[in-house]
Amino acid sequence: MPVGIFRVCLVVITAIVNHPLLFPKENGTVPEHAEEIIQKMKEREESLRLEQLRLEQEITAQEAIQKALEKAAEVVEESKEEKVRWDMWTALSMVIFLLIELWRQDFQEGNWQDTGGEEDDMAVLGKAFKGVAFPDKAVLASFYEKRILGTTGDMARMREMVEGFADDLLEALRSVCNRDADMEVEDCMGVGSMYENWRVRKPFVCDLIVPFAPPEPYCFRSQTWCSGDNFPPDEQGYGTIKVCRADEDVTGCICDKTKLGEDMLCLLHSQANNTRPSSQMEDLLCYKNTQYLDANQVMKWFQIAVTKAWNRISHKYEFDLSFSLLDSPGALKIKFRSGKSVAFNLTPVVQYENSDVYFISHFPWSSPAADLPSSTHWFLTFAVYERRFIQLVSKMLPANACHVSCLQILSFLHGKQCSLTGPSGLTNYHLKTVMLHLLQARPNQDWASEKLEARLQDMLKFLEKCLHEKKLYHFFIGNGKVPAELGFPIIFQRAEPLNLFRPFVLRRDVYRKTVDTFHEMLRNMSALINEYTVHIPLAHTNGIRKESL
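Predicted, not measured: the structure shown is a model, and the values here were computed from it.

*Asks:* Give a description of the packing of aromatic side chains that names residues and reports values.
*Replies:* Inspection of the entire model under this criterion finds 28 aromatic pairs. Geometrically, the ring pair formed by F165 and W310 is edge-to-face, given 5.9 Å between the ring centres and 70° between the ring planes. Of this pair, F165 sits in helix α5 (residues 151–176) while W310 sits in helix α9 (residues 295–313), placing them 145 residues apart in sequence. In this structure, F165 and W310 share a single accessibility class: buried. Where Y352 meets F359, the ring centres are 6.1 Å apart and the plane angle is 65°; that geometry is what we call edge-to-face. Taken together, the ring pairs connect W225, Y352, F359, F382, Y385, F389, F475, F476, F488 and F492 into an aromatic cluster. Cation over ring: K470 sits above Y511, and NZ or CZ is 4.5 Å from the ring centre.

What follows is the structure in structure tokens.
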């Protein structure tokens, strides 16, 4: 019961409290607050909608950025792939280019002969050779027999006379020299066209080289452009000769190359051994204040020694001896009382190590020392090996081979043309180099005597090709195909090929004059040969042609 009464009272109280008329003022403001709440809710809703739009825009922007990054990554990946492909093509192109360049160099160095043995392989590059009336076999044979063949006996007699006199002169030279202070002179050797039997133009001149060595306890130590030393391009083909004591260290001590401190001392060399009086080195024919052999000093010493030697033996001979050229001390001339004269060159040389390569101050057939960088630079001559190579190849060629005949005819034609139009940049040494290259290129049977005309055309075409390219490489330097029987130094075989026509690149006026002289020689060839050729009957010509067939 009390519980029921309590519940009834609780209901009544609750009804009274919640009656709307109980608090009229407060309930009167409810609508106003509702409107404010609704307005705030609308504002809030609008702000939320704007925020949603902003977020949607940000999300869209991020998606766009993400897509752009993905696309950029794809582009980078594709570019990497393309770069890899491009690098591969670039590398392949470089390899192909290098192979073509190596092939071109081999072609220019004389390896072109491996591509075929046909005569048509050597294309004529210039227009001057086309249309030239080339003498036939009969005319060439008659010309060679009448103009050139008869000089062989004269050369043999002259060589014998000159060699005998030179030996006597050098023996006298040794007797007048001080063996303890002067250079030691060895026996002379004959080189060049007179000893290779292809000299055709008179006057005949024998070329003799005389090796010499320093007195004890000194020795020569040579340095060449291909021995690892740094030589500039314009000094390639030269070398220097250092005068040292024989007991001097050769293991490469750097005390003479590096500036040691004042408080430092080389334990291998004392100060007394390193310092030599300047006058002592000059007595050894060295350049002033150096240990390098001076070519000018050597030639001056040699001229004085030859003069003393001749004064000692002049009473034995019925002729006079004089120096024919003032600027070439080794150029000598024998004058007989009858008025005749014989010229020969006696040139001092220095042996390169234990080989038959020699350092020479100048070549007798060229301007003396005109192209040398300094008087301490020496040319290198391979004349002994050239003579041996020709002798070696001649033994394997057919009887009466035409290689020497071709060189003689070409030398004669060039000499005659130069006498008409003046000297050119071509020398007989260039012509011989052409023959040496062709001897190595052509099979032995191609040099039979009946193929004189074809081989002479080959030499002219090869020479024209070299003039067009301004490249004629030295036969021995850089040639890995030199026969092993010659014993040629391997250091020169492994060297870079030496271009004998390099002066044509540097001097365009000389090159133009040389090319013009060569083309003029081609045009005048038939006239020059016919001038020294007797009339050949038609029957004789036909007989020669039938034999050749």
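*Asks:* Help me get a handle on the pairing of strand β7 (residues 331–336), residues and values and all.
*Replies:* Side-chain positions along a regular strand alternate between the two faces of the sheet. Taken together, the 5 bridges between strand β6 (residues 319–323) and β7 define a ladder with antiparallel strand orientation. Looking at β7, one finds that F323 is bridged to L332. The hairpin formed by β7 and strand β8 (residues 341–351) contains 4 residues between the paired strands, and G339 there has a positive phi angle of roughly 105°.

*Asks:* Residues and numbers for the pattern of salt bridges, please.
*Replies:* All told, the structure shown has 17 salt bridges when counted by the stated rule. Of the charged contacts in the structure, one is a salt bridge between R174 and E171, with a shortest N-O distance of 3.0 Å. With a gap of 3 residues between them, R174 and E171 both fall in helix α5, about one helical turn apart. The closest approach of N and O atoms between R388 and D356, which form a salt bridge, is 2.5 Å. Here D356 lies in the loop between β8 and β9 (358–360) and R388 lies in helix α10 (residues 383–396), a separation of 32 residues in the sequence. Relative accessible area serves as the criterion here: at 34%, R388 is assigned to the partly exposed category. In this structure, a network of salt bridges that share partners links the residues R442, D446, K451, R455 and D458.

*Asks:* How would you summarise the nonpolar core if you had to cite specific residues and measurements?
*Replies:* Counting 113 residues, the largest nonpolar core has L169, L293, F344, L346, I409, F476 and F492 as its most contacted members. Among residues more than four places away in sequence, those in contact with F492 are T224, W225, C226, Y352, V357, L380, F382, F476, I477 and G478. Among the nonpolar cores identified, the runner-up in size contains 10 residues, and V349, I360, F379 and V384 belong to it.

*Asks:* Which residues make up the environment of S411, and what are the values?
*Replies:* With respect to the helices and strands, the residue S411 is situated in helix α11 (residues 403–421). As a C-alpha pair, S411 and T427 span 16 residues in sequence and 8.8 Å in three-dimensional space. With near-sequence residues (within four places) excluded, S411 lies in contact with W198, V200, N428 and L431.

*Asks:* Summarise the packing of α10 against helix α12 (residues 428–441); cite the residues concerned and give the values.
*Replies:* Two elements in contact, α10 and α12, have axes separated by 12 Å at closest approach and are oriented at 40°. When the axes of α10 and α12 are compared, the pair comes out oblique. The handedness of the crossing between α10 and α12 is left-handed. In this structure, α10 uses E386, F389, I390 and V393 to contact α12, whose residues at the interface are Y429, K432, M435, L436 and L439. For the contact of α10 with α12, the residue count by class is 7 nonpolar, no polar and 2 charged.

*Asks:* Which residues make up helix α4 (residues 137–148), and what are the values?
*Replies:* The terminal C-alpha atoms of α4 lie 15 Å apart, and with 12 residues this matches the ideal 16 Å at 1.5 Å per residue to within 8%. Turning to α4, its buried residues are A138, V139, L140, S142, F143, Y144 and I148.

*Asks:* I'd love a proper account of unusual backbone geometry, names of residues and values included.
*Replies:* In this chain, K202 is followed by P203 through a cis amide linkage whose omega measures 5°. By secondary structure assignment, the location of P203 is in the loop between α6 (193–196) and β3 (205–213). A positive phi angle is found at N289, which is not glycine, with a value near 60°. Position of N289 among the secondary structure elements: in the loop between α8 (278–283) and α9. Not every positive phi belongs to a glycine, and N400 is a case in point at roughly 55°.

*Asks:* Quick rundown of the pairing of β3? Include the residues and the values.
*Replies:* Extensive coverage of β3 is indicated by the burial of 8 of its 9 residues. Pairing of strand β2 (residues 189–191) with β3 involves 3 bridges; the strand directions are antiparallel. Of the residues in β3, the one forming a bridge with M189 is I209. As judged from the 7 bridges shared by β3 and β8, these two strands associate in the parallel manner. Each bridged residue has a counterpart across the sheet, and for D207 the counterpart in β8 is N345.

*Asks:* Could you give an account of helix α16 (residues 508–531), with specific residues and numbers?
*Replies:* End to end, α16 covers 33 Å across 24 residues, agreeing with the expected 34 Å (1.5 Å per residue, within 8%). The principal kink in α16, of about 55°, is found at N524. Among the residues making up α16, those that are buried are Y511, T514, V515, T517, F518, H519, M521, L522, M525, S526, L528 and I529. Buried-residue contacts for α16 involve α4, α11, α13 (452–469) and α15 (502–506).

*Asks:* Tell me what's going on with a nonpolar patch on the surface, and back it up with residues and numbers.
*Replies:* Taken together, the side chains of W89, L92, I96 and I100 define a hydrophobic patch exposed on the protein surface, amounting to about 430 Å² of accessible area. Inspection of the secondary structure puts L92 in helix α3 (residues 30–108). According to the relative accessible area criterion, L92 is partly exposed, its value standing at 42%.

*Asks:* Residue-level account of the environment of Y358, with values.
*Replies:* By secondary structure assignment, the location of Y358 is in strand β9. Judged by its relative accessible area of 4%, Y358 falls in the buried class. With 26 residues separating them along the chain, Y358 and V384 place their C-alpha atoms 8.9 Å apart. Engagement of the side chain of Y358 in a polar contact is seen with the side chain of D356, the distance being 3.5 Å.

*Asks:* Quick rundown of the packing of α13 against α16? Include the residues and the values.
*Replies:* At a minimum axis distance of 11 Å, the contact between α13 and α16 shows a crossing angle of 160°. It follows from the interaxial angle that α13 and α16 lie roughly antiparallel. Considering how the two elements wind past one another, α13 and α16 form a crossing that is left-handed. Contacts between α13 and α16 involve L460, L463, E464, L467 and H468 from the first element and Y511, T514, F518, H519, M521, L522 and M525 from the second. By residue class, the composition of the contact of α13 with α16 is 8 nonpolar, 3 polar and 1 charged.

Parameters at a glance
Residues numbered from 1 in each chain as written. Predicted model: local features only at pLDDT ≥ 70, side-chain atom pairs only at ≥ 80, totals over all residues. Heavy atoms only, no water. Phe/Tyr/Trp six-rings, centres within 6.5 Å; stacked < 30°, edge-to-face > 60°. Helix = DSSP H or I, 4+ residues; strand = E, 2+ residues; numbered from the N terminus. Buried < 20%, exposed > 50% of the residue type's maximum accessible area, 1.4 Å probe, protein only. Lys NZ or Arg CZ within 6 Å of the ring centre and 35° of its normal. Pairing = 2+ DSSP bridges. Salt bridge = Lys/Arg side-chain N within 4 Å of Asp/Glu carboxyl O. Core = buried A, V, L, I, M, F, W, Y, C linked by side-chain atoms within 4.5 Å. Contact = heavy atoms within 4.5 Å. Axes fitted to C-alpha atoms, helices over the stretch in contact; angles between N-to-C directions. Parallel < 35°, antiparallel > 145°, perpendicular 65-115°, else oblique. Left-handed = near helix turned anticlockwise from the far one by under 90°. Nonpolar A, V, L, I, M, F, W, Y, C, P; charged D, E, K, R; others polar. Expected span 1.5 Å × (residues − 1). Bend = angle between axes of the 7 residues up to and from the residue. Patch = residues over 30% accessible without salt bridge, like charges linked within 9 Å, V, L, I, M, F, W, Y side chains within 5 Å. Areas by Shrake-Rupley, 256 points an atom, 1.4 Å probe, with all protein chains shown as cover. Polar contact = N/O pair within 3.5 Å; in protein donor to acceptor, adjacent residues only side chain to side chain.

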